[in-house]
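# Notes for the structure review
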Amino acid sequence: LIFVCDKVFGKSFEELKYIHYFIFLVVILKAKKWFLKKLDIESENKKIEFQYYQWNVKKEMELRHNGAWYHISPWGLSWDDENYYLVAYDATAGIIKHYRVDKMRDTEIIEADRKGEESFKNFDLAAFAKKTFGMYGGVDAEVTLECRNELAGVVIDRFGHDVWMCPHGENH
């Protein structure tokens, strides 16, 4: 890589690394701006609907809950570990939830007033993100995990698409 940077572009790896970070940042900011503009969360004060994807054990994307539509009240957008999360109020469950933006499909504003204002009056998005997202630090170790099939997406999202998965019975 260093040879290619020097010979092809006439720049050092360090110089191009910072250009890459800048381009990455611009793309992220444009994506956030596009998503917020699409939803127009603050001015519309409406609920949204979407379908939500998950990974299956075959490493394929599939719609969750047989393609059911999610109807939620959006209140914020958070960034963690290179992913945007929509923080929203689920009136049916009566709780605050988060959804990965890149796994949302056919997102639309619907003609229903947004709910959950009381839950978000003193809501601390930073504290919510800290306790909800990420992993704990510690010593690196090779581990074997056994989990239910419906958690395949969590494993792929956290450890990458190249993670080794081996079926263990019908449900794991």
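Up top you'll find the structure we're talking about.
To keep things clear, this report deals only with the structure shown in the data block. (Residues numbered from 1 in each chain as written. Predicted model: local features only at pLDDT ≥ 70, side-chain atom pairs only at ≥ 80, totals over all residues. Heavy atoms only, no water.)

### Focus on the overall build of the chain
Secondary structure summary: the chain contains six helices and six strands in total. For the chain, the α and β elements follow one another from N to C terminus as α-α-α-β-β-β-β-β-β-α-α-α. The buried share of the chain, reckoned over its 172 residues, is 28%. Sequence separation of 24 or more characterises 59% of the internal contacts of the chain that already satisfy a separation of 6 or more. (Helix = DSSP H or I, 4+ residues; strand = E, 2+ residues; numbered from the N terminus. Buried < 20%, exposed > 50% of the residue type's maximum accessible area, 1.4 Å probe, protein only. Contact = heavy atoms within 4.5 Å.)

### Brief notes about the pairing of strand β3 (residues 70–80)
When you tally the buried positions in β3, you get eight out of eleven residues, the bulk of the element. Relative to strand β4 (residues 83–90), β3 is paired through seven bridges, and the arrangement is antiparallel. The residue bridging Ser73 from the neighbouring strand is Tyr89, located in β4. Adjacent in sequence and paired antiparallel, β3 and β4 are bridged by two residues, among which Asp81 carries a positive phi angle near 50°. (Pairing = 2+ DSSP bridges.)

### Regarding the side chain of Arg114
As for its position among the elements, Arg114 is in the loop between β6 (104–113) and α4 (117–120). Separated by 2.8 Å, the side chains of Arg114 and Asn45 make a polar contact. (Polar contact = N/O pair within 3.5 Å; in protein donor to acceptor, adjacent residues only side chain to side chain.)

### A closer look at unusual backbone geometry
At His65, a residue that is not glycine, the phi angle is positive and equals roughly 50°. Positive phi, normally seen in glycine, also occurs at Asp106, with a value near 55°. Note on placement: Asp106 falls in strand β6. Accessibility expressed as a relative area gives 41% for Asp106, which makes it partly exposed.

### Focus: the nonpolar core
Counting twelve residues, the largest nonpolar core consists of Ile48, Phe50, Tyr52, Tyr70, Ile72, Leu77, Tyr84, Leu86, Ala88, Tyr99, Val101 and Met104. Those elements that provide at least two residues to this core are β1 (46–55), β3 and β4. Excluding anything up to four places from it in sequence, Tyr70 contacts Ile48, Glu49, Phe50, Tyr52, Arg64, His65 and Tyr99. (Core = buried A, V, L, I, M, F, W, Y, C linked by side-chain atoms within 4.5 Å.)

### A few points about the environment of Pro167
On the secondary structure map, Pro167 appears in the segment after α6 (152–159). Overall, Pro167 belongs to the exposed group, its relative accessible area being 65%. In this structure, the C-alpha to C-alpha distance between Pro167 and Lys58, residues 109 residues apart in sequence, is 9.8 Å.

### Quick look at the packing of aromatic side chains
If you walk through the whole model with that rule in mind, you get eight aromatic pairs. An aromatic cluster is present here, built from Phe50, Tyr52, Tyr70 and Tyr99 joined pairwise through their rings. One residue, Arg114, lies across the ring of Trp75, its end atom 3.6 Å from the ring centre. (Phe/Tyr/Trp six-rings, centres within 6.5 Å; stacked < 30°, edge-to-face > 60°. Lys NZ or Arg CZ within 6 Å of the ring centre and 35° of its normal.)

### Quick look at the environment of Trp69
With respect to the helices, strands and loops of the structure, Trp69 is situated in the loop between β2 (61–63) and β3. Remark: the alpha-carbon pair of Trp69 and Tyr52, spanning 17 residues in sequence, is separated by 7.8 Å. Not counting the four nearest positions on each side in its chain, Trp69 is found in contact with Glu49, Phe50, Gln51, Arg105 and Asp106.

### What about the pattern of salt bridges?
Summed over all chains, the structure comprises nine salt bridges. Of the charged contacts in the structure, one is a salt bridge between Arg100 and Asp157, with a shortest N-O distance of 3.3 Å. With Arg100 in strand β5 (residues 95–100) and Asp157 in helix α6, this residue pair connects regions lying 57 residues apart in the sequence. Close ionic contact of Asp157 with Lys103 constitutes a salt bridge, the shortest N to O distance being 2.1 Å. On the criterion of sequence distance, the pair formed by Asp157 in helix α6 and Lys103 in the loop between β5 and β6 is long-range, its members being 54 residues apart. Lys103 sits in the buried class, given a relative accessible area of 5%. (Salt bridge = Lys/Arg side-chain N within 4 Å of Asp/Glu carboxyl O.)

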